[in-house]
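Residues per chain are reported as follows:
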Amino acid sequence: MHATRPHISQTLPVIRQLDDTAANRIAAGEVVERPASAVKELVENSLDAGATRVRVDYAGGGKVMIRVTDDGHGMEADSLPLAMSRHATSKIDGSDLLDIHTFGFRGEALPSLGAVGRLTITSRAPGQEGAEITVTGGQIGPVRPAALNRGTQVELRDLFYATPARLKFLRTDRSEAQAIADTIRKLAMAEPFVGFTLYDTDGAREILRVDAEQGELFDALGARLGRLMGREFVDNAIRVDIERDGVRLSGFAALPTYSRGSSVAQHVFVNGRPVRDKLLIGALKAAYMDVLSRDRHPAAVLFIDCDPHLVDVNVHPAKAEVRFRDPGLVRSLMVSGLRHALAGAGHRASGTVATETLNAMRPEGIAAGYEAPSPRIYQMDFASRPSLGAMRQSYAAQAPESFVPEVLAEAPTPFTAARVEPAQGPTDTPLGAARAQLHENYIVAQTRDGMVIVDQHAAHERLVYERLKKQAAEHGITAQALLIPEIVPLSPADAQRLLDHADALSQLGLTLEPFGGDAIAVRETPAALGTCDARGLVLDILDELADLGQSATLGSRIDAVLSRMACHGSIRSGRQMRAEEMNALLREMEATPMSGQCNHGRPTYVELKLSDIEKLFGRR
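Residues numbered from 1 in each chain as written. Predicted model: local features only at pLDDT ≥ 70, side-chain atom pairs only at ≥ 80, totals over all residues. Heavy atoms only, no water.

What is the right way to read the sheet that holds strand β12 (residues 266-270) from this model?
Working definition: the strands of a sheet are paired by backbone hydrogen bonds and lie parallel or antiparallel to each other. With respect to topology, five strands assemble into an open sheet ordered β10-β11-β14-β12-β13, the strand pairing being mixed. Strand pairing shows two members of the sheet lacking a second neighbour, β10 (237-244) and β13 (273-275), which therefore form its edges. For this sheet, the mean angle separating the axes of adjacent strands, direction not counted, is 20°. Contacting β12, β13 and β14 (300-305), helix α9 (residues 278-287) crosses the sheet at an angle of about 130° to β12. (Pairing = 2+ DSSP bridges. Helix = DSSP H or I, 4+ residues; strand = E, 2+ residues; numbered from the N terminus. Axes fitted to C-alpha atoms, helices over the stretch in contact; angles between N-to-C directions. Contact = heavy atoms within 4.5 Å.)

Here is the structure:
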C-alpha cells in the first residue's frame, strides 16, 4: 500500500510571486512570535535611536495594545513611508553584513508589525515638526502632522487581527504580560544608563520602573541588577572581567552557595544583545560543574563583547542565537574566567546562608524576608535595667544576713562565652579562633565581630578534594592498559571526530586508536575510574563533542571519583577534635579556594554577626 504524500502536488506546480502583504505576514511569523517579541523589536529600535528613557504601555497582555515611547533622535516626515518598507534601514549600508553595531539591521520589524496589526508611528526629529503615519493590515496611510515633544512613539493595536489563526496559539493575558516584563528586564540589564518604565493600562499600575544609573559601568550595572534581580544577588556575586584574544567577558557571577533550582537566573549577552545560546549556557554550567550538584543551577549575568566580525548574529530569525567564528575560544574563556573568579573568592560563602539561619532562629514565627510589625517590648530594656550595685542591695535586703548570691558577688564583665581550654588562635582572621565543638561535628569559632559555625566533615572534604585535584594536575592522570582493547564501532565521521580530540583525551588517561575506517580501539582508561564501561564512556564523550564541540564528560567523571575519595579520606562526623586541630582546619579553609562550599555546593560554614545575634535576644 502506498500512502498519499500530502506535501507533493499531484499536478504540475506553478511558481507565483507573493505580494508585499503576504511576504510581510510571513516575515512577521518568523520575527513576531508573541506580544513580547513585538515589544523587543520596538524597544531595540528605541535603543538604536539613542534613547535615554523608554516607556512601554500595554493592554490585554499586549494583544490589544502595545505603545513604546522614547526620547531618541526620531525620524523626519519624509522617512516615515520608507520606514514601513521591507529591508529599509538606517543601521547598515549592506556592504558588510558582519559589521553590525546595532540591535536591528534587517528592516523587517515595522513592516511586519504593520502587516499583522494596526500600527501608528508618531515621530519628531530635532528641529522638525512632528509627523504620523498609520498602517493597517499592510495598507500604508498618508503622512499627517502630529504633536510630539521629541523622539518616537509607536502604537500597535489588535496584534494578529489580520492573521486570526495566530491568536489561537497565544497564552493567557497574564502569561503574555509576564513575558513582556521578562523582555524589558533583560533589555534593562544590558542598558544600565537608560531608564525603563513598564505600565499596565488595564490595571492602571506601574509594573516596572528603573531610572538611568550613574557612575562607572560596573557600579551602574551592579545598581541596575540590584533593582532587577534583588540586592541579595549583587551582595552574593563576584565581579568578572577578563579578556583574551579580542574577546572580553564581564559581569557578575553568583557564589555557588547562592544557587537556584532552575536556570531562570542565567542571563548572557553578546555585544549587548540578550541571547539564549546552548554553547554559552553549557560553558556556564561547566564552569560551576565542580562546585554544584546536578540539580542546582548557577545564577549569573554575563556580557561577552568582541569585534562584530567574530560573531554572526544573523543565524536566528529573532536573533536569540549567535554563531562565533571561534566557539572554542569563547567557551574556554567563560569556563576558565569564571573558575578563576570563583577561586579568587577564596573561602567566601553566600550571605543568604546566614540570613536563613537567623530567620530559622527568629522568635514568634517571623517569616523569612519579613520584619516584625514592631519591635517586641521586653519588660526590662537597657535604659530601665538596674545597675549591678542596685541589684546587690535589693538581694541583700531580702536575703538572710551575710548571704549574697554568688552570681552577683563577682559579676563577669564582660560576659564570657563557652571556650575550648586553653583558648588558642587569633580572632582577627576571617574565620576566627575555635572556641568549641558541638555534637562532634560542628566547630564554633569566635571572630572579631561575630561567630562562625563550621561543618567539619564538609569543610575537610573540600580541602582534601582540592588537594587531590592539585596532585592530579601536577602529576597527570594515571592510565591503566586494557588486557583486551575495547572496539567501538562508529560511523567514519564520528570516529574522526573522536580522533581529532585523541591527544586531549590521552592527557586524561583515555587512549584511543583508529581501528579500520568505521571503529576505534580503546587501549587505556583512567585508573581512577577502576573497571568502567569504556564503550559507554566513549559514546557519552562523542555526544558531547557533537553537541558542544568540546567534552567535559571524562574530566567530570574523574573529578567525581576524586570527590568520593575526598569524602572517605576526610574527617568524619562524630570525631572529637582538639583546639589546635580545629584552628588548623580554619586556617587551611582561609587559604584554599572555594572552601566556602562542599563538593555538592552546600555551605561549609555559617557566619553570624554579633549585631544580628543581639537582635535575636532583643539587645538591639
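Following the structure, the description resumes.
Would you mind showing me how to read the pairing of strand β18 (residues 442-447) here?
Moving residue by residue along a regular strand, the side chains alternate between the two faces of the sheet. In terms of strand pairing, strand β17 (residues 433-438) meets β18 through five bridges, oriented antiparallel. Residue pairing for β18: L438 is matched across the bridge by Y442. What sits between β17 and β18 in their antiparallel hairpin is a turn of three residues, with H439 showing a positive phi close to 55°. Note that β18 and strand β19 (residues 450-455) share six bridges and pair antiparallel. Across the sheet, Q446 pairs through a bridge with M451, a residue of β19. As consecutive antiparallel partners, β18 and β19 are separated by two residues.

Explain the sheet that holds strand β22 (residues 519-526) here, please?
Strands sit in the order β20-β22-β21 across an open sheet of three strands; the sheet is antiparallel. Edge positions in the open sheet fall to β20 (479-489) and β21 (511-514), since each of these has one partner strand only. Neighbour-to-neighbour, the strand axes of the sheet open up by a mean angle of 20°, direction not taken into account. Sheet topology note: the β21/β22 ladder contains four bridges and is antiparallel. Counterpart to E513 in the pairing with β22 is A521.

Got a minute to help me understand the environment of D543 in this structure?
Along the chain, D543 falls in helix α17 (residues 534-548). The spacing of D543 and D494 is 49 residues in sequence and 9.4 Å in space, taken between C-alpha atoms.

What should I look at first to understand the packing of helix α2 (residues 35-48) against helix α4 (residues 109-116) in this one?
What describes two packed helices is the angle between their axes and the distance between those same axes. At a minimum axis separation of 10 Å, α2 and α4 run at an interaxial angle of 140°. As far as their axial angle goes, α4 and α2 are oblique. Considering how the two elements wind past one another, α2 and α4 form a crossing that is left-handed. Residues A38, E41, L42 and N45 of α2 form the contact with α4, whose own contacting residues are A109, L110 and L113. For the contact of α2 with α4, a count of residues per class yields five nonpolar, one polar and one charged. (Parallel < 35°, antiparallel > 145°, perpendicular 65-115°, else oblique. Left-handed = near helix turned anticlockwise from the far one by under 90°. Nonpolar A, V, L, I, M, F, W, Y, C, P; charged D, E, K, R; others polar.)

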